[in-house]
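# A closer look at the structure
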Amino acid sequence: MRHSSRRDFLKSAVATSVLTSIGGTAIAAPAKRSATDLITLGKSNVKVSRLAFGTGTFSGRVQRELGQDEFTRLVRHAYDRGVRFFETAESYHGMAEMLAIALKGIPRDTYQLMTKYSTPATGDTAPKIDLFRKQLNTEYIDILLLHCLRPPTWSNDYEQLQDGLSEAQSKKIIIGRGASVHGLPALRTFPGNKWLEIAMIRMNHNGTKMDTEALRDIDSPGIVDEVVAHTKKVHSEGMGVISMKLVGEGRFTKPEERDAAMKFAMGIGCVDAVTIGFKSTAEIDEAIDRMNRVLNA
């Protein structure tokens, strides 16, 4: 009989980690999850990569100041690393056009675009949605959100906007609809809302730049427990959830702070995807690696 070698031992260990025998039945170990997995946002049927490339750091100023060539290099690096979800907004002046240039030549069906319709607003949404498509150089928009909801009366105040987005969705001009929220007064109305398919909610471990009672953004910590409670509720109702402010609008400069924020967001069980604004390839690589570690811890 030959003695077991180190190679035999390692092979056995790998096999054991892949298969577990229960009652004679081999069961595969859980598959590893990744920042670049395509996941479905609730009942919307929109599939996006778990990590999104954001273009709105300080309303896009950080990305605009990179210039087109450097911004294109970042977008292409993210795409090459597997990021397939890119987001912008009407209020990120010029970023939709820069994003369109950066993505030019990449097959449209290989990535997803999200943009946001500024509120407060009234009137016919069709001309503005057409403008968004022109700016993004696309026939359709994967996700269109009402942007920066604040008042608790938003559902009635913006009924015309909701009807416009629903009509565009029926024509497949947009695929998924929803809203981003800024403040507890509006967030408290999200659970039970039948129009919303996707919610973009601020989320991190210590409330930095998160939702408060105020009807405007203030420099005070948000009420994390209440935000999480509402987020869990809407997620349980089938709403897709996208997290923003994961790095506290750039305030989390230490690796341990970003680790804590990522662990928190991905550990509460109600965040489907995360958007982060990037200004370097190193930040993209770090975010992917960090999310991968957290997802498989």
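A few points on the structure.

What counts and how
Residues numbered from 1 in each chain as written. Predicted model: local features only at pLDDT ≥ 70, side-chain atom pairs only at ≥ 80, totals over all residues. Heavy atoms only, no water. Helix = DSSP H or I, 4+ residues; strand = E, 2+ residues; numbered from the N terminus. Rg over C-alpha atoms; globule rule 2.2 N^0.38 Å. Buried < 20%, exposed > 50% of the residue type's maximum accessible area, 1.4 Å probe, protein only. Areas by Shrake-Rupley, 256 points an atom, 1.4 Å probe, with all protein chains shown as cover. Axes fitted to C-alpha atoms, helices over the stretch in contact; angles between N-to-C directions. Parallel < 35°, antiparallel > 145°, perpendicular 65-115°, else oblique. Left-handed = near helix turned anticlockwise from the far one by under 90°. Contact = heavy atoms within 4.5 Å. Nonpolar A, V, L, I, M, F, W, Y, C, P; charged D, E, K, R; others polar. Salt bridge = Lys/Arg side-chain N within 4 Å of Asp/Glu carboxyl O. Phe/Tyr/Trp six-rings, centres within 6.5 Å; stacked < 30°, edge-to-face > 60°. Polar contact = N/O pair within 3.5 Å; in protein donor to acceptor, adjacent residues only side chain to side chain.

A separate point is the overall build of the protein chain. Each helix and strand in the protein chain was counted, giving 11 helices and 12 strands. In summary, the protein chain has a C-alpha radius of gyration of 21 Å against a globular reference of 19 Å for 297 residues, a match within 12%. Structurally, the protein chain occupies a C-alpha span of about 85 × 40 × 40 Å along its principal axes. The buried share of the protein chain, reckoned over its 297 residues, is 49%. For the protein chain, the computed accessible surface area is about 14,300 Å², with 53% contributed by carbon and sulfur atoms.

As a packed pair, helix α3 (residues 68-80) and helix α11 (residues 281-295) sit with axes 9 Å apart at the nearest point and diverge in direction by 25 degrees. Comparing the axis directions of α3 and α11 gives the class roughly parallel. For the pair α3 and α11, the sense of crossing is right-handed. Residues Arg-73, Leu-74, His-77 and Ala-78 of α3 form the contact with α11, whose own contacting residues are Thr-281, Ile-284 and Asp-285. Within the contact of α3 with α11, the residues separate by chemical class into three nonpolar, two polar and two charged.

Enumeration according to the criterion identifies 22 salt bridges in this entry. Among the salt bridges present, the one from Lys-245 reaches Glu-249, with a minimum N-O distance of 3.1 Å.

Before going further, it helps to examine the packing of aromatic side chains. Under the counting rule described, the total for this entry stands at six aromatic pairs. Seen in terms of ring centroids, Tyr-117 and Phe-132 are 5.9 Å apart; in terms of plane orientation they differ by 80 degrees. Their pairing is edge-to-face. You can see Tyr-117 sitting in strand β7 (residues 112-118) and its partner Phe-132 sitting in helix α5 (residues 126-136), a full 15 residues away along the chain. We note that Tyr-117, like Phe-132, is buried. Taken together, the ring pairs connect Phe-53, Phe-71, Phe-86, Tyr-111 and Phe-278 into an aromatic cluster.

Of note, the amide linkage connecting Thr-119 to Pro-120 takes the cis form, showing an omega dihedral of 5 degrees. By the element assignment, Pro-120 lies in the loop between β7 and α5. In the Ramachandran plot, Asn-45 falls in the positive-phi region, its phi being about 65 degrees despite a non-glycine side chain. Note on placement: Asn-45 falls in the loop between β3 (38-40) and β4 (47-49). Overall, Asn-45 belongs to the exposed group, its relative accessible area being 64%. Backbone geometry places Lys-209, a non-glycine residue, at a positive phi of 60 degrees. Along the chain, Lys-209 falls in the loop between β10 (198-202) and α9 (224-236).

To continue, consider the environment of Thr-153. By secondary structure assignment, the location of Thr-153 is in the loop between β8 (141-149) and α6 (154-157). For the pair Thr-153 and Ala-179, spaced 26 residues apart in sequence, the C-alpha to C-alpha distance is 14 Å. Looking at Thr-153, its side chain comes within polar contact range of the side chain of Asp-157, at 2.6 Å.

This next bit is on the environment of Glu-237. Among the structural elements, Glu-237 can be located in the loop between α9 and β11 (240-244). Here the alpha-carbon distance between Glu-237 and Gly-42, two residues 195 residues apart in the chain, equals 8.6 Å. Those residues in contact with Glu-237, other than ones at most four positions away along the chain, are Lys-43, Phe-190, Pro-191 and Gly-192. There is a polar contact of 2.8 Å between the side chain of Glu-237 and the backbone nitrogen of Gly-192.

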